[in-house]
Amino acid sequence: MSQFDVQIDNARPSTLPVDPELARPPDSRHRGRTASRALLVAIGLAGALGALARFGVGRAVPTTPGGVPWGTLLVNISGSLGVGFALVMLADRLPRARLVRPVVVTGFLGGYTTFSTYVVEADTLFRHHDLAVGAAYGLGSLLAGTGAALAGILLARAVVRLERAKRERAAQ
Amino acid sequence: MTFLLVCCVAVGGFVGAPARFLVDRFVADRVESDFPFGTLVVNLSGSFALGLLTGLGLRLHLPVAVEALLGTGLCGAFTTFSSWSFETVRLVEDGQLLTASLNVLVSLAVGLAAAAAGLALGLAA
């Protein structure tokens, strides 16, 4: 198997971890490993940037009381798309990089998207406003978020396949 | 004022994201399962914490800067929607439909309950 095949193999779903927070695939997990202080600081800086981006979107798309929180929805959809795209691309381009994934996915995109705000907003809508708006927001975020993650994965796989075909043509 | 809020959000995010990384790894290292327990633990605890903060904010009228630091920054970055949605898609792709459904249902049902419990506790404090 050539180096090239290995890279393509890494773009296949079976080699992606289910949990993107994990720095390594599940089969190489072991207890007692320590995260370097530099990695934690890098994740922290990326997380700060992600949180600021989310804050900025929230400012640009303000939520009216009782209305759908469009800012959080936009953040969670775009972040889910980004995670799906980034994980497949990183597995293809930088299969051996150990640090890029935790910084980009865990740090930036994890800090950018938020589950707690989503749940508290849905709870507030259920409690004080409109059951229909709360349910639409709760289910809409879920469907659009998972759809966006899937779209990101498929988009990145298409990019990988296109590049592979291009390289094969060039090699001939 | 906006500069202060920006700093608060950044500091909260700087702490929240590595905290999620450490908690997720701590849980995933100790639970042998395809179910993403690490993400579940951070999302449920973060939802409870944000509910509590929201309740306390309604009751005690916390400064906006405190809510930016602990709510938007810390709880927002500590919890993650993108990992949750990605993991759900990956489980479906793997053919683990039951685990994927459980991941959605438990996260939503217990997440809403945790936020409501935190809110009630904050309002009662």
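Here the structure is a predicted model, which is why all the values come from computation and not from measurement. (Residues numbered from 1 in each chain as written. Chains lettered and ligands numbered in written order. Predicted model: local features only at pLDDT ≥ 70, side-chain atom pairs only at ≥ 80, totals over all residues. Heavy atoms only, no water.)

1. Quick notes on the overall build of chain B
Helix and strand counts for chain B come out as 5 helices and 0 strands. Seen in sequence order, chain B has helices and strands lined up from the N terminus as α-α-α-α-α. Seen through its C-alpha atoms, chain B measures out along the principal axes to roughly 50 × 30 × 25 Å. For chain B, long-range pairs separated by at least 24 residues make up 76% of all intrachain contacts whose partners lie at least 6 apart in sequence. For chain B, the accessible surface area stands at approximately 5100 Å², while carbon and sulfur atoms represent 77% of it. Placing the 5 positive and 8 negative side-chain charges of chain B at their respective mean positions leaves the two points 9 Å apart. (Helix = DSSP H or I, 4+ residues; strand = E, 2+ residues; numbered from the N terminus. Contact = heavy atoms within 4.5 Å. Areas by Shrake-Rupley, 256 points an atom, 1.4 Å probe, with all protein chains shown as cover. Lys, Arg positive; Asp, Glu negative; His and termini not counted. Charge placed at Lys NZ, Arg CZ, Asp CG, Glu CD.)

2. Focus on the overall build of chain A
Counting its secondary structure elements, chain A contains 6 helices and 0 strands. Along the chain direction, N to C, the helices and strands of chain A fall in the order α-α-α-α-α-α. Counting over 172 residues, chain A shows a buried share of 46%. When the accessible surface of chain A is totalled, it reaches about 8300 Å², and 66% of it is carbon and sulfur. (Buried < 20%, exposed > 50% of the residue type's maximum accessible area, 1.4 Å probe, protein only.)

3. Examining the interface of chain A and chain B
On the side of chain B, 55 residues touch chain A, which itself brings 61 residues to the contact. Around 4700 Å² of area is buried between chain A and chain B when both sides are counted, 68% of it from carbon and sulfur atoms. Counting across the chain A and chain B interface gives 1 salt bridge. Linking Arg157(A) and Glu93(B) is a salt bridge whose minimum nitrogen-to-oxygen distance equals 2.9 Å. For the interface between chain A and chain B, the tally reads 13 residue pairs in polar contact (both at pLDDT 80 or more). Among the elements that make up the side of chain A that touches chain B, the one with the highest residue count is helix H2 (residues 37-60) of chain A (13 residues). Broken down by class, the residue content of the side of chain A that touches chain B amounts to 31 nonpolar, 20 polar and 10 charged. (Buried area = accessible area lost by both parts, 1.4 Å probe. Salt bridge = Lys/Arg side-chain N within 4 Å of Asp/Glu carboxyl O. Polar contact = N/O pair within 3.5 Å; in protein donor to acceptor, adjacent residues only side chain to side chain. Nonpolar A, V, L, I, M, F, W, Y, C, P; charged D, E, K, R; others polar.)

4. Some points on the environment of Phe55(A)
The residue Phe55(A) is located in helix H2 in this model. C-alpha separation for the pair Phe55(A) and Val75(A), spaced 20 residues apart in sequence, amounts to 9.6 Å. Phe55(A) has contacts with Leu5(B), Val6(B), Val9(B) and Thr72(B), leaving out every residue within four places of it along the chain.

5. Focus on helix H5 (residues 97-124) of chain B
Over its 28 residues, H5(B) extends 40 Å from the first C-alpha to the last, a length consistent with the 40 Å expected when each residue adds 1.5 Å. Among all positions in H5(B), only Thr99(B), Ala100(B), Asn103(B), Val104(B), Ser107(B), Leu108(B), Gly111(B), Ala114(B), Ala115(B), Gly118(B), Leu119(B) and Gly122(B) are buried. (Expected span 1.5 Å × (residues − 1).)

6. Remarks on a nonpolar patch on the surface
Nonpolar side chains collect at one region of the surface, where Val41(A), Leu45(A), Val11(B), Phe14(B) and Val15(B) lie side by side and expose about 400 Å² of accessible area between them. Elements represented by at least two residues in the nonpolar patch include exactly H2 of chain A together with helix H1 (2-30) of chain B. With 3 residues, H1(B) is the largest single contributor of residues to the nonpolar patch. Secondary-structure assignment places Val41(A) in helix H2. Residue Val41(A) is classed as partly exposed on the basis of its relative accessible area of 37%. (Patch = residues over 30% accessible without salt bridge, like charges linked within 9 Å, V, L, I, M, F, W, Y side chains within 5 Å.)

7. What to know about the nonpolar core
In terms of nonpolar packing, the biggest core is built from 18 residues, with Phe115(A), Tyr118(A), Tyr137(A), Leu142(A), Trp84(B) and Leu108(B) touching the most fellow members. If you list the elements that add at least two residues to this core, you get helix H5 (116-128) and helix H6 (131-171) of chain A together with helix H2 (37-60) and H5 of chain B. The element best represented in this core is H5(A), accounting for 5 residues. Setting aside its immediate chain neighbours within four residues, Tyr137(A) contacts Val68(A), Pro69(A), Thr72(A), Leu73(A), Tyr118(A), Glu121(A), Ala122(A) and Leu125(A). (Core = buried A, V, L, I, M, F, W, Y, C linked by side-chain atoms within 4.5 Å.)

8. As for the packing of helix H3 (residues 70-93) of chain A against helix H4 (residues 82-93) of chain B
Packing of H3(A) against H4(B) leaves a shortest axis separation of 8 Å and a crossing angle of 55 degrees. Taken together, the axes of H3(A) and H4(B) are oblique relative to one another. For the crossing formed where H3(A) meets H4(B), the hand is right-handed. In contact with Gly79(A), Ser80(A), Val83(A), Gly84(A) and Leu87(A) of H3(A), H4(B) contributes Ser82(B), Ser85(B) and Phe86(B). Class assignment for the residues of the contact of H3(A) with H4(B) results in 3 nonpolar, 5 polar and no charged. (Axes fitted to C-alpha atoms, helices over the stretch in contact; angles between N-to-C directions. Parallel < 35°, antiparallel > 145°, perpendicular 65-115°, else oblique. Left-handed = near helix turned anticlockwise from the far one by under 90°.)

9. Some points on the confidence of the model for chain B
Averaged over every residue, the pLDDT of chain B is 96; the share at 70 or more is 100%. Two summary scores accompany this predicted model of the complex, namely pTM at 0.87 and ipTM at 0.96. (pLDDT = per-residue confidence, 0-100.)

10. Observations concerning unusual backbone geometry
Residues and elements named next belong to chain B. Here His 61, not a glycine, exhibits a phi torsion of approximately 50 degrees, which is positive. If you trace the backbone, His 61 turns up in the loop between H2 and helix H3 (64-78). You can call His 61 exposed: its relative accessible area is 66%.

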